[in-house]
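Reading the structure
Chain residues, written in single-letter form:
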Amino acid sequence: ALGGLAVCHVVCAMARVRRGLWAAEPPSLSRLLLTRLEAQLVLRAPELQPQGLSASAAAFAKLRHYSEELFNGLARAAMPRFAAFVPEDFAMMSSALSETHRVLASGWCGEPLAMMGHHAACSLHVGQADWSPRHVAEVMQPFAVMGIQCEQLLRAAESHLRDRVSAYEATDVVRVMHGFRDNGYLGAPQVAHIWGAAEERLRLFTGLQSIAMAEVLVQFRHGLQQEELLRRLGLLARKLVRSATSLPSLDLCSVARLWAMVGLADWHLLSSVAGGLAPRGGE
């Protein structure tokens, strides 16, 4: 029998080499090994420190090995340790729960998730500098997929975005924006913070990220003066013009739809959209 930490190390190693693992031996053998490791971990999970719990959860999720018993056992072991979680622990556990909940009716939906949200919010509040934008985006995910809103955590995430906006890259801005939206927390104040983070780095946005930002601006257009809305869409249009030939057809159609919704005839942009669609014919 292996101890909890030994099981964690084995599963994490398997997750790092998972592609070679499945190619080197029949999947049934790998699954049998994971099932046995799971049984050991369920028994030994109370021995693990926060990093071991979160890393084990993330590794099993990466290997697509899920069970109610495993993740319920991790929940029971994690609850007394949430106060000692660091941002990376919260992020890894959240990422694992976001993935596994798609196939499990997780026991995390009640007290465990509420407790994790509370402690993550407290950590965010007192140690903002320790949290990266990636951590913030990932910790919101399980609440969105489980349909549970944690106001305390969302307010802390919003404060992080507002106070540490210079740390947010283009990808981070869009991920956090989606986190707020999926948690039902995206309103005019959050859009203002997100635009503040985005405007200085629009040149770094991909075409798809620019479309995501345009969708939010159009959704909340009634909270903006028309002149300011047009200015912001104009800035995004410059990026989209340069990206038109590389965007998928459906996304080019989304651009045309968004600009039509606000009655904005940007002929330079629409010409680029048409030019991007033309070579694809009946795609």
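Observations concerning the overall build of the protein
If you tally the helices and strands in the protein, you get 15 helices and 0 strands. For the protein, the proportion of its 283 residues judged to be buried stands at 48%. Long-range pairs, those at least 24 residues apart, make up 77% of the contacts in the protein with a sequence separation of at least 6. Surface summary for the protein: the accessible area is close to 13,400 Å², and the carbon and sulfur share equals 56%. Positive and negative side-chain charges in the protein, numbering 27 and 25 respectively, have mean positions lying 4 Å apart.

Remarks on the packing of helix 12 (residues 207–219) against helix 14 (residues 249–261)
Viewed as axis vectors pointing N to C, helix 12 and helix 14 meet at an angle of 25 degrees, and their least axial separation amounts to 10 Å. What the angle tells us is that helix 12 and helix 14 run roughly parallel. Handedness of the helix 12/helix 14 crossing: left-handed. Where helix 12 abuts helix 14, its residues Leu208, Ile211, Ala214, Glu215 and Val218 lie against Asp251, Val255, Arg257, Leu258, Trp259 and Met261.

Notes on helix 12
Helix length check: helix 12 (13 residues) gives 18 Å between terminal C-alpha atoms against 18 Å at 1.5 Å per residue, within 8%. Taking burial as the measure, the 13 residues of helix 12 include 10 buried ones, the bulk of the element. Listed in full, the buried residues belonging to helix 12 are Gly207, Gln209, Ser210, Ile211, Ala212, Met213, Ala214, Val216, Leu217 and Val218. The inward-facing, buried residues of helix 12 abut helix 10 (170–182), helix 11 (188–199), helix 13 (226–243) and helix 14.

Some details on the pattern of salt bridges
Counting across every chain of the model gives 12 salt bridges. The shortest N-O distance in the salt bridge between Arg134 and Glu88 comes to 2.5 Å. With a gap of 46 residues between them, Arg134 in helix 8 (residues 133–145) and Glu88 in helix 6 (residues 87–100) connect regions that are remote in the sequence. One continuous salt-bridge network, built from bridges that share partners, spans Glu88, Arg134, Glu138 and Arg175.

Points about the nonpolar core
The biggest cluster of nonpolar side chains holds 89 residues, and the ones touching the most others in it are Trp108, Met116, Phe180, Met213, Leu233 and Trp259. The biggest single contributor to this core is helix 12, with 7 residues. Residues within four places of Met116 in sequence aside, it is in contact with Phe82, Phe90, Met93, Ser94, Leu97, Trp108, Pro142 and Phe143.

A few points about helix 7 (residues 111–126)
End to end, helix 7 covers 23 Å across 16 residues, agreeing with the expected 22 Å (1.5 Å per residue, within 8%). Among all positions in helix 7, only Pro112, Leu113, Met116, Gly117, Ala120, Ala121, Ser123 and Leu124 are buried. Taken around the axis of helix 7, the buried residues stretch over an arc of 165 degrees, which confines them to a single face. Exposed side chains of helix 7 directed beyond 90 degrees from the buried face belong to Glu111, His125 and Val126.

Considerations on the packing of helix 10 against helix 12
Packing of helix 10 against helix 12 brings their axes to within 10 Å, and their N-to-C directions diverge by 40 degrees. Between helix 10 and helix 12, the angle falls in the class oblique. Every pair of crossing elements has a handedness; the one defined by helix 10 and helix 12 is left-handed. Residues Ala170, Thr171, Val173, Val174, Met177 and His178 of helix 10 form the contact with helix 12, whose own contacting residues are Gln209, Ala212, Met213 and Val216. Tallied by class, the residues present in the contact of helix 10 with helix 12 amount to 7 nonpolar, 3 polar and no charged.

Focus: unusual backbone geometry
Positive phi is not limited to glycine here, since Arg64 has a value of about 55 degrees. The residue Arg64 is located in the loop between helix 4 (50–62) and helix 5 (68–78) in this model. Arg64 gets classed as exposed once you look at its relative accessible area, which sits at 56%.

Concerning the environment of Leu250
Its place among the elements puts Leu250 in helix 14. Assessed through its relative accessible area of 71%, Leu250 is described here as exposed. The spatial distance from the C-alpha of Leu250 to the C-alpha of Glu227 is 28 Å, given a sequence separation of 23 residues.

Some remarks on the environment of Trp108
By the element assignment, Trp108 lies in the loop between helix 6 and helix 7. When the C-alpha atoms of Trp108 and Asn72 are compared, they prove to be 7.0 Å apart, with 36 residues separating the residues in sequence.

Rules used throughout
- By convention here, each chain's residues receive numbers from 1 onward along its written sequence.
- Selection of residues for local features in this predicted model requires a pLDDT of at least 70, selection of side-chain atom pairs for listing and counting requires 80 or more, and totals for whole chains, interfaces and linings are taken over all residues.
- Values reported for side chains reflect all heavy atoms of the structure, with hydrogen atoms and water molecules removed beforehand.
- Segments assigned H or I by DSSP are reported as helices when at least four residues long, segments assigned E as strands when at least two residues long, and all are numbered from the N terminus.
- The cut-offs for exposure are 20% and 50% of the maximum accessible area for each residue type, with area from a 1.4 Å probe on protein chains only; residues under the lower value are buried, those over the upper are exposed, and the others partly exposed.
- Throughout, a contact is declared for two residues whenever any of their heavy atoms are within 4.5 Å.
- Accessible surface is estimated by sampling points in the Shrake-Rupley manner with a 1.4 Å probe; for residues, cover comes only from the protein chains shown.
- His residues and chain termini do not enter the charge count, which takes Lys and Arg as positive and Asp and Glu as negative.
- Charged side chains are reduced to one point each, which is NZ for Lys, CZ for Arg, CG for Asp and CD for Glu.
- Only C-alpha atoms enter the line fits that serve as axes; for helices the fit covers just the stretch in contact. Angles between N-to-C directions range over 0 to 180 degrees.
- For this classification, under 35 degrees means roughly parallel, over 145 means roughly antiparallel, 65 to 115 means roughly perpendicular, and everything else is oblique.
- With the far helix as reference, a near helix turned anticlockwise by less than a right angle produces a left-handed crossing, and one turned clockwise produces a right-handed crossing.
- For a helix, the expected span equals 1.5 Å multiplied by the number of residues minus one.
- What makes a salt bridge here is a side-chain nitrogen of Lys or Arg within 4 Å of a carboxyl oxygen of Asp or Glu, nothing more.
- Grouping buried Ala, Val, Leu, Ile, Met, Phe, Trp, Tyr and Cys residues that are joined through side-chain atoms within 4.5 Å yields what is termed a nonpolar core.
- As used here, the arc is the angular range of directions from the helix axis to the C-beta atoms.
- Note on residue categories: nonpolar means Ala, Val, Leu, Ile, Met, Phe, Trp, Tyr, Cys or Pro, charged means Asp, Glu, Lys or Arg, and polar means any other residue, Gly included.

Without other data, these values stay purely geometric and don't point to any function.
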